[in-house]
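Here's the letter readout for the chains.
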Amino acid sequence: MKIIETVAEMRSERARMTSPVALVPTLGGLHAGHEALLHAARRRAGTVIASLFLNPTQFGENEDLDRYPADRERDLAVMRKAGVDAVFAPSNSEMYPPDDDFVVDPGAIGEILEGAHRPGHLRGVSTVVAKLFIATRPDLAYFGEKDAQQIEVVRRMARGLLFGIEIVPIPTVRDENGLALSSRHAYLSDDERVAAKVVYRSLCRARDAWEAGERDKTTLEDVIRAVIDTEPLATLDYAAVVDARTFGPISEPGQGASGPDLTALALVAARFGSTRLIDNIRLDRNVTF
Ligand code: AMP
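Residues numbered from 1 in each chain as written. Predicted model: local features only at pLDDT ≥ 70, side-chain atom pairs only at ≥ 80, totals over all residues. Heavy atoms only, no water.

### Quick notes on the environment of V78
When you line up the elements, V78 lands in helix α3 (residues 72–81). Between the alpha carbons of V78 and L38 there is a distance of 9.6 Å; along the sequence they are 40 residues apart. Residues in contact with V78, not counting those within four places in the same chain, are L30 and E35. (Helix = DSSP H or I, 4+ residues; strand = E, 2+ residues; numbered from the N terminus. Contact = heavy atoms within 4.5 Å.)

### Section: helix α6 (residues 121–136)
Its 16 residues place the ends of α6 22 Å apart at the C-alpha level, agreeing with the 22 Å of an ideal helix rising 1.5 Å per residue. For α6, a buried count of 14 out of 16 residues is recorded, marking the element as mostly surrounded by other parts of the structure. R137 sits one or two positions beyond α6 and adopts a positive phi of about 40°. (Expected span 1.5 Å × (residues − 1). Buried < 20%, exposed > 50% of the residue type's maximum accessible area, 1.4 Å probe, protein only.)

### Thoughts on the pattern of salt bridges
Summed over the entire model, instances satisfying the criterion amount to 20 salt bridges. R225 is paired through a salt bridge with D222; the nearest N and O atoms lie 2.7 Å apart. Note that R225 and D222 are positioned in helix α10 (residues 217–229) at a spacing of 3 residues, about one turn of the helix. Here R225 falls in the partly exposed class, since its relative accessible area comes to 33%. (Salt bridge = Lys/Arg side-chain N within 4 Å of Asp/Glu carboxyl O.)

### With respect to unusual backbone geometry
The step from S19 to P20 runs through a cis peptide bond, and the omega angle for that step is -15°. The topology assignment puts P20 in the loop between α1 (7–14) and β2 (21–26). With a phi close to 70°, D99 is a non-glycine residue in the positive phi region. Within the secondary structure, D99 sits in the loop between α4 (92–95) and α5 (114–117). Phi at F247 is positive, roughly 60°, even though this residue is not glycine. One can find F247 in the loop between β7 (234–242) and β8 (265–272). In this structure F247 comes out as buried when scored by relative accessible area, which is 5%.

Encoded structure:
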């Protein structure tokens with residue numbers, strides 16, 4: 001497994017890689033969710049590049065950049081075991097040259113949900129993913145459905161900026177309690193880890209309501225909120241039900257409320273102490289996305 005730390009070296013290695021080339025971007029702090037992406041990429045691609053870059057521009061000022069639980073040697077070992085061919089692990093100054101303030105603006109989708117609660121986060125994600133795409137020029141790029149809005153932003157960017165890269169979504173990997181795996185679980189106390197089960201439970205209750213015929217966005221969001229409210233250690237950031245394709249209202253004009261095309265995604269963000277967790281499930285079918 002090659003470890004590449006500069007854009008120049010990445011470019012020269014890329015020229016020799018067997019197609020199709022897949023990219024799996026990560027911040028580090030690898031867990032079985034990341035491994036699922038790496039394995040899916042390994043099955044399909046001729047060459048797998050994983051990136052290891054704790055991108056400062058997607059963290060807010062009072063967020064957890066300084067304590068993010070990434071362990072480089074451990075992360076490299078996980079990547080090696082998953083059959084990664086090359087790790088792109090650039091420094092901040094490789095990715096952000098001096099005086100660089102150029103950004104990629106995701107537009108309206110960058111302002112709602114995660115964008116509203118973490119101002120600048122999705123702009124930071126678009127900007128770094130664009131740079132990773134340009135440095136590595138993959139044919140395929142793998143992203144986890146746990147970050148549903150991030151995938152939608154990246155899809156729109158790949159289409160809008162004519163990257164010509166296929167964005168491959170991978171289902172959310174959960175623990176035995178349904179809790180979506182996250183690097184941030186390292187911050188949870190034992191009590192908080194138990195309490196965090198409420199996130200997936202709240203989404204499942206919304207899906208039960210959907211399956212019982214409920215189609216009203218506000219009522220479905222209230223179901224999620226009510227379940228989260230039963231957990232004293234949880235503080236809700238948002239509960240939202242949106243059209244899974246547009247991130248807009250679930251009943252678009254011209255779409256009957258019971259139409260076969262109706263899609264719905266339920267999303268939740270909640271805090272347990274200082275740890276913020278997000279999750280989502282598709283309401284209209286029994287898959288996560
Ligand atoms: P991160 O390092 O947190 O930026 O995550 C890197 C990639 O792994 C992103 O595409 C995430 O959506 C994905 N990912 C994170 N957690 C999970 C999970 N539990 N299941 C599947 N994919 C995940």
